[in-house]
Amino acid sequence: MAEPAPIGIGLLGYEFMGRAHAGAYRTIPDAFCPPPLRPRLVALAGRTPDRGAAAARRYGFERSTTDWRELVADEKIGLFDDSGPNALHAEPTIAAARAGKHLLCEKPLGRDAAESHAIWAAADEAGVVHMCGFNYRFVPAVRLAREMLEAGDLGEVHSFHGHYRQDWLADPRAPHSWRLDRAAAGSGALGDIGSHLIDLARFLVGEVVAVVGRTRTVVADRPGGRVDVDDAVEAVVELDGGVAGTISATRLAHGRKNDLAFEVHGSRGSLAFDLERLNELHVHLDGSEPGARAQGFRRVLVTEADHPFAGRWWPPGHTLGWEHSFVHEIGHLLAAIAGEHAVAPYGATFEDGYRAAAVCDAILASSASGRRERVGYLGPASGGPG
């Protein structure tokens, strides 16, 4: 068997997301055997020289730099991975696209829809493969939910309800950071964690066409600075085909560490998922087939060999963790770069990142106006309707 071709990786950012991505690259040759491409960890870019160098050694990169432009210029790098802060998504990713690099950019793609559209347009014009980092699409139970919905197991879908709750800002004494600065982050809980729910609603059910939203800044001043983004958001969303939905996100929910959960309801059944029990999908089917009897919710442990992704890992019942979603996501991207399949529909393209940002903008506009807002979408480069 031929040795997989190498692909050089340039990673911007070495903190939380950088560590998650780096771990996935190291795991790819084991999880995908053989891998579609063999990652070569060429260079890592970060703000602080000493910390960047230490992270490069820890993660296995050949070198580090404080200038992301070196990654863009390096001919050994074929995939530019932007896991940096939101304000460092547009300029580096657009430059990398124009240099012909394939692209992975963490969510939110941009600080607003206009910036996200510019990133997508640059990648589309360059003709490179691009993915936005909505990693929860690659949780096995979430993928199983998608497969069941595609198969029509729930009948006609009529509602989606999701929440994402964390507590790391519940204490008003928690210090200020870039995530609380509109210029750096774009929005607060909405773009940071609410965008995951928006993407999941789109991934599972359909396009968001209109919203009614309310955002609130609960703690306006924190040690180190003033907060000018939302602490919490609640929205009613309308999706394709008249499907109704609700989306709720906050980073001030005492006791909730990473509580993402959703339910999908249809004419023949329901699905429920909780990220803190990410190996499980709860399923209720109404038993409407001849001779069948309705049952309550049953827990499906998504670890069987024929379940999504599970066959790459361990025997049934041996569960996976949060970090495995990045392995699946990046493996999918590498296979797309190798020409095995497209990023869409199972991976989130930059178009998906832009469309999630457009929904976020509409929620912010609705909160400001007090009215229902339709979501407007543009095409990649023409500026016309998408």
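Presented here is a report on the structure given in the accompanying data block. Since this is a predicted model, take the numbers as computed values, not measurements.

1. Description of the pattern of salt bridges
Opposite charge on two side chains makes pairing possible when the charged atoms of those side chains draw close.
In step 1: Under the definition given, this model contains 27 salt bridges.
In step 2: Its salt-bridge partner being Arg372, residue Glu238 comes within 2.6 Å of it at the nearest N-O pair. Placement of the pair is Glu238 in strand E11 (residues 232-239) and Arg372 in the loop between helix H10 (350-369) and strand E17 (373-374), with a sequence separation of 134 residues.
In step 3: For Glu238, a relative accessible area of 30% corresponds to the partly exposed category.
In step 4: Members of the salt-bridge network, linked through shared partners, are Arg137, Asp199, Arg202, Glu207, Glu351, Asp352 and Arg355.

2. With respect to helix H2 (residues 49-59)
In step 1: Within H2 the residues assigned to the buried category are Gly52, Ala55, Ala56 and Tyr59. For H2, the buried positions fall inside an angular range of 100° around the axis, keeping them on one side. Exposed positions of H2 whose direction lies more than 90 degrees from the buried face are Asp50, Arg57 and Arg58.
In step 2: At its buried positions, H2 is contacted by helix H1 (16-31), strand E2 (38-45) and strand E3 (63-65).

3. Points about the sheet that holds E2
In step 1: Ordered by their spatial adjacency, 6 strands build an open sheet running E3-E2-E1-E4-E5-E6, and the pairing between neighbours is parallel. Edge positions in the sheet fall to E3 and strand E6 (130-133), since each of these pairs with one other strand and no more. Between one strand axis and the next, the sheet turns through 20° on average, direction left out of account.
In step 2: In terms of strand pairing, strand E4 (residues 79-82) meets strand E5 (residues 102-106) through 4 bridges, oriented parallel. Its bridge partner being in E5, Asp81 is matched across the sheet by Leu104.
In step 3: Strand contacts of H2: E2 and E3, with the helix running at about 165° to E2, the strand carrying the most contacts.

4. Observations regarding the environment of Arg57
In step 1: Structurally, Arg57 can be placed in helix H2.
In step 2: Residue class for Arg57 comes out exposed when judged on its relative accessible area of 65%.

Thresholds applied
- Counting of residues starts from 1 at the beginning of each chain's written sequence and follows it residue by residue.
- Only residues with pLDDT of 70 or above have their local features reported here, since the model is predicted, and side-chain atom pairs are shown and tallied only from 80 upward, although totals for entire chains, interfaces and linings are computed over all residues.
- Side-chain measures here rest on the full set of heavy atoms in the structure, leaving out hydrogens and waters.
- Take a side-chain nitrogen of Lys or Arg and a carboxyl oxygen of Asp or Glu: if they are within 4 Å of each other, that pair is a salt bridge.
- Under the scheme used here, helices are H or I runs from DSSP no shorter than 4 residues and strands are E runs no shorter than 2 residues, and both carry numbers assigned from the N terminus.
- We call a residue buried when its accessible area falls under 20% of the maximum for its residue type, exposed when it is over 50%, and partly exposed in between, using a 1.4 Å probe and counting protein chains only.
- The directions considered for the arc are those from the helix axis to the C-beta atoms.
- By the convention used here, residues are in contact when the closest approach between their heavy atoms is within 4.5 Å.
- Whether two strands pair depends on DSSP finding at least two bridges between them.
- Every axis in this analysis is a line fitted to C-alpha atoms, fitted for helices over the stretch in contact. Angles between the N-to-C directions lie between 0 and 180 degrees.

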